[in-house]
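Close look at the chain arrangement
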Amino acid sequence: MKRALGVCYYPEHWPDDIWAEDAARMVEAGLSWVRIGEFAWSRIEPEPGRFEWDWLDRAIAVLGEAGLKIVLGTPTATPPRWMLEKHPDMLAVDAEGRPRGFGSRRHYCFSHLGYREESRRITRLLAERYGSNEHIQAWQTDNEYACHDTTLSYSDAARVGFRDWLAQRYQSPDALNRAWGNVFWSMEYRSFDEIDLPNLTVTEPNPAHVLAFRRYASDQIVAFNRVQVEEIRKCSDAPILHNYMGREVSFDHWKVGADLDAASWDSYPIGFLSDRIEGDEAHKLRFLRQGDPDNQAFHHDLYRAVGRGRWWVMEQQPGPVNWAPYNPAPLSGMARLWAWEAFAHGAEAVCYFRWRQAPFAQEQMHAGLLRPDSAPAPALAEAAQVARELAEMSESGTSAAPVGIVFDYESAWAWEAQPQGADFDLFRLVFAAYRACRRAGLDVDILPPDCADLSGYKLVLVPGLMAMSEPLRAALGAFEGRALVGPRSDGKTEEMSIKVPLGPDLPGVDVSVVRVESLPPGASVPLEGGGALRHWREEVEGSAPVRLASTDGQPVIVGERLCYLAGWPDDESFYRIVAGMAREAGLEPLDLPPGLRLRRTDSHLFVFNYAPEAQVWDGVEIAPAGVHWLPR
Ligand code: GAL
């Protein structure tokens, strides 16, 4: 498997007489990919219908002739100011009904069909002009769908689109009323035209209404992206990617991913630790300059699945970022470790963001591989080291993981619509399960909710899945390994009502959840043998054998091979549960110290030290931010 490094570059930010030198320095550092273009619309089409291609032609030629392969981004995340005169109603509208104005980026509403056509038009022009250009070897659609909270828009365009979407899904207002339970509080509708978006209601809207709107909004992103893919494919055979984000669950990445050739994501480990990952102060201080030791790996595994095996890191943090509340600098070595970790999880390419720190505008405090004065920033040498190491190492691709964890975006929306406990969050729950597997040293595949074949796995976890698909239910029934379903799984219908008879419906397991409770921070339910449940706990009935109980005598895990977990275990207990089931499944779980993490490829075992002090693995001392690999 060929692995490569790259960088994000903005030729439009720099005088054209330094492009050639920049390109030569990129090549000298061992970079092979350069991503350009994704915010350059105002320079490509300065006025409606007037194009300036010349600079982009030259930039592509200069970079390409230097030996770099180019990822060309469509510039639709940043429509120029004139676009608002053409389409005054194209802005997204926030939940309070205020338009989200011009002056930054992502100022468009996914439901606005006029803007969708503009996005088709500019994509077609780019694809026609560069589709057969030998230097354009990959495409990126738009930039970070959903970034800055842009999935949901309460615009007029969204209202019109939503009504149409509802009519197609439910066919009649009666069917919709029944599906949503609108008899409750006299919310029944006589026609689809009476249905508004679920904002500005007096108190909470019907969760089924919210869930429908979330599904609708996600479908608009799928449709928006598909338009670009259609245009690019007419003119180019190069792979098409999108750069997804960390901890972003507001649209269904499985569905967007189905239209693309590969996935990619933007990895900012230190920014995420500070503002996107739960953890106590001690954890945040310990990993201040490294990032959470499991967060990058989780997203690598998620996006490997979303990309059906093909994925990249499109943006890799190189130094301090600008957007978190506090922005520490990485420990020396982390820009290398993060890249190697991505490769160990199967990334085809890792591109640092960005080449040179911009001295102007919003991201002037965001590091690059070069300083604003063009001198090397510390990450440049680390990138060059990775490039040299890649060239010396023949490494043979990602290996089959023994553990699968199901991840479902619709469930994330459902639990946001009706959390029941203020801190119940699907990502957090799935991540807790993932962390337990990683502490046990187990490699993980993330699985889609309609996964129909589990036969390659030894252990499968299904946390927080609102409604189980029939293919997954059948696959669990046929599964010969160990599976742990729950908590809060398969208790609802597709329309988010409580299932009657009560769920879950697990083949061969007699168990039903008869009552649930959520627990505030600090409250817990102690378990037999130590540890506790937190956040969430379920009372179950049925004859399935009890494997674990709480000290008050309630079952917590029931079943034999296929089990149900009736609560949210704390980290220690989650680890014990997962390690125990892994052992039963014939695996050999470890108990890795926090910060030491493993990943196997077909040819190597990689060991990563996220800790701020040296750690020993198998007699080898690994420095802080150190990476160690050995043949398998
Ligand atoms: C990403 C984005 C980039 C840049 C970067 C800064 O979210 O795609 O354009 O803003 O963050 O960290």
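The rules behind the values
Counting from 1, residues in each chain are numbered in the order their sequence is written. Selection of residues for local features in this predicted model requires a pLDDT of at least 70, selection of side-chain atom pairs for listing and counting requires 80 or more, and totals for whole chains, interfaces and linings are taken over all residues. Excluding hydrogens and water, the side-chain values take into account all heavy atoms of the structure. In this text, helices come from DSSP runs of H or I with a minimum length of four residues, and strands from runs of E with a minimum of two, each type numbered from the N-terminal end. When a residue's accessible area, from a 1.4 Å probe over protein chains only, is under 20% of the maximum for its type it is buried; when over 50% it is exposed; and in between it is partly exposed. Computed with the Shrake-Rupley method and a 1.4 Å probe, the accessible areas treat only the protein chains shown as cover for residues. We count Lys and Arg on the positive side and Asp and Glu on the negative side, and we leave His and both chain ends out. Charge positions come from single atoms, namely NZ of Lys, CZ of Arg, CG of Asp or CD of Glu. Note on definitions: the grid is 1 Å and covers protein atoms alone; a cavity is a set of points where a 1.4 Å probe fits but cannot get out; a pocket is an open set with protein on both sides within 12 Å along at least five of seven lines; lining residues have an atom within 4 Å of a point. Grid points are joined across faces, edges and corners, and a volume is the space filled by probe spheres set on the points. Each residue receives one of three labels: charged for Asp, Glu, Lys and Arg, nonpolar for Ala, Val, Leu, Ile, Met, Phe, Trp, Tyr, Cys and Pro, and polar for the others, Gly being one of them. Delimitation of the domains relies on an automatic or database domain assignment. Being near a molecule or strand, for a residue, comes down to having at least one heavy atom within 4 Å of it. N or O atoms within 3.5 Å of each other form a polar contact, as long as, within protein, one can give a hydrogen and the other can take it, and as long as residues adjacent in sequence are counted only when both atoms are side-chain atoms. Throughout, a molecule is located in a cavity or pocket provided that more than half of its atoms lie within 2 Å of its grid points. The salt bridge criterion pairs a side-chain nitrogen of Lys or Arg with a carboxyl oxygen of Asp or Glu, the two atoms within 4 Å. Residues enter a patch when their relative accessible area is above 30% and they make no salt bridge; the linking distance is 9 Å between like charges and 5 Å between nonpolar side chains (Val, Leu, Ile, Met, Phe, Trp, Tyr). Should DSSP find at least two bridges between two strands, the strands are regarded as paired. The path from the first strand over the helix to the second decides the hand: if it runs clockwise while the strands point away from the viewer, the crossover is right-handed. Two residues qualify as a contact provided that any one of their heavy atoms is within 4.5 Å of a heavy atom in the partner residue. Note on terms: buried area is the combined drop in 1.4 Å-probe accessible area of two parts once they are placed together, counting the loss on both. Side-chain atoms within 4.5 Å link the members of a nonpolar core, which is a set of buried Ala, Val, Leu, Ile, Met, Phe, Trp, Tyr and Cys residues. Axis definition: a line fit to C-alpha positions, over the contact stretch in the case of helices; interaxial angles, taken between N-to-C directions, run 0 to 180 degrees. The pairing test for Phe, Tyr and Trp rings, Trp by its six-membered ring, is centres within 6.5 Å, and the orientation test on the planes gives stacked under 30 degrees, edge-to-face over 60, and tilted for anything in between. A ring has a charge above it when a Lys NZ or an Arg CZ is no more than 6 Å from the ring centre and no more than 35 degrees off the ring normal.

Counting its regular elements, the protein contains 18 helices and 25 strands. Projected onto its principal axes, the C-alpha coordinates of the protein cover approximately 75 × 70 × 40 Å. Taking all 632 residues of the protein together, the buried fraction comes to 61%. About 23900 Å² of surface is accessible on the protein, with carbon and sulfur atoms providing 51% of the total. Between the mean site of the 64 positive side-chain charges and the mean site of the 90 negative ones, the protein shows a separation of 1 Å.

So, on to the layout of surface pockets. Quantified by volume, the largest pocket comes out at close to 1000 Å³. Looking at the lining of the largest pocket residue by residue, the classes come out as 15 nonpolar, 12 polar and nine charged. By volume, the second largest pocket is sized at about 690 Å³. Residue lining of the second largest pocket: 29 residues in total, with E278, G279, H283, R435 and D571 positioned closest to the centre. Contributing elements (two or more residues each) for the lining of the second largest pocket: α11 (281-286), α16 (426-439), β16 (532-541), β20 (567-569) and α18 (571-584). The element best represented in the lining of the second largest pocket is α16, accounting for six residues. Within the lining of the second largest pocket, the residues separate by chemical class into 13 nonpolar, four polar and 12 charged. Here the lining of the second largest pocket spans two domains, and each of domain 1 (4-150 + 224-392) and domain 2 (403-584) adds at least three residues to it.

For the ligand, the full set of nearby residues is F39, R105, N143, E144, D266, Y268, E315, W323, F353, E363 and H366. Take R105: an N or O atom from its side chain is 2.8 Å from an oxygen atom of the ligand. A distance of 2.3 Å is found between an oxygen atom of the ligand and a side-chain nitrogen or oxygen belonging to E363. Here the ligand, which alone exposes 310 Å², has 96% of that area covered by the protein. Using a 2 Å cut-off from the grid points, one finds that the ligand occupies the largest pocket. Grouping the amino acids of the shell around the ligand by side-chain chemistry returns four nonpolar, two polar and five charged.

Another aspect to go through is the pattern of salt bridges. Here the structure, examined in full by the defined rule, presents 59 salt bridges. One continuous salt-bridge network, built from bridges that share partners, spans E117, R120, R124, E230, E231 and K234.

The grouping of I498, V500, L502 and V514 at the surface amounts to a nonpolar patch, some 370 Å² of accessible area in total. With respect to the secondary-structure elements, V500 resides in the loop between β13 (482-485) and β14 (512-518). In this structure V500 comes out as exposed when scored by relative accessible area, which is 72%.

Side chains A349 and C351 of strand β9 (residues 349-352) all project onto a buried face; the interleaved residues V350 and Y352 project onto the opposite face, where all are buried too. Here strand β1 (residues 4-8) pairs with β9 via four bridges, running parallel. Within β9, the residue paired with V7 across the bridge is Y352. Where strand β8 (residues 311-316) lies against β9, two bridges are found, and the strand directions are parallel. Considered in β9, the bridge of V313 is made with V350. For the crossover that starts at β8, traverses helix α13 (residues 334-344) and ends in the parallel β9, the hand is right-handed.

What follows concerns the domain arrangement of the protein. We note that the domain assignment places domain 1 (4-150 + 224-392), domain 2 (403-584) and domain 3 (596-631) within the protein. One C-alpha centre belongs to domain 1, the other to domain 2; they are set 35 Å apart. Taken together, the contacts link 26 residues of domain 1 with 20 residues of domain 2. A buried area of about 1900 Å², summed over both sides, lies between domain 1 and domain 2, and 61% of it is on carbon and sulfur atoms. Among the residues domain 1 hides against domain 2, the three largest losses belong to V249, W254 and F298. Together they make up 36% of the total.

In this structure, L5, W139, I405 and F407 are the most contacted members of the largest nonpolar core, which totals 160 residues. The dominant element in this core, judged by the number of residues it contributes, is α16, at 10 residues. In this structure I405 touches V430, A433, Y434, C437, V444, D445, I446, L447, L461 and P463, once residues within four positions along its chain are discounted. One finds V462, V540, L562 and A566 within the second-largest nonpolar core, a separate group that totals 25 residues.

Turning next to empty space enclosed by the protein. Take a probe with the size of a water molecule and roll it over the atoms, and the empty space left behind shows itself. Summed over the entire model, instances satisfying the criterion amount to two cavities of 30 Å³ or more. Taken as a whole, the largest cavity encloses approximately 50 Å³ of empty space. Lining the largest cavity we find C109, F110, S111, T151, L152, S153, A158, F213, Y216, A217 and Q220. Broken down by element, the lining of the largest cavity gets its largest block of residues, four residues, from helix α8 (residues 207-235).

In this section: the sheet that holds strand β11 (residues 444-447). Read across the sheet, seven strands follow the order β11-β10-β12-β13-β19-β18-β17 without closing on themselves; strand pairing throughout is mixed. Of all strands in the sheet, those with a lone pairing partner are β11 and β17 (546-549), marking the two edges. Here the average twist between neighbouring strands, direction ignored, is 20°. Relative to β13, strand β12 (residues 459-462) is paired through four bridges, and the arrangement is parallel. When the sheet's bridge partners are listed, V462 is paired in β13 with V485.

Inspection of the entire model under this criterion finds 47 aromatic pairs. Here F110 and F224 contribute two aromatic rings whose centre-to-centre distance is 5.3 Å and whose plane-to-plane angle is 90°, an arrangement assigned as edge-to-face. Residue F110 is located in the loop between α4 (82-86) and α5 (113-130), and its partner F224 is located in helix α8; the two are separated by 114 residues in the primary sequence. Judged by centre distance (6.1 Å) and plane angle (80°), the rings of W415 and F424 are edge-to-face. No difference in accessibility class separates W415 from F424, as the two residues are buried. Positioned above the aromatic ring of W14 is the side chain of R356, whose terminal nitrogen or guanidinium carbon lies 4.5 Å from the ring centre. Its guanidinium or amino end placed over the ring of F424, R488 lies 4.6 Å from that ring's centre, counting from NZ or CZ.

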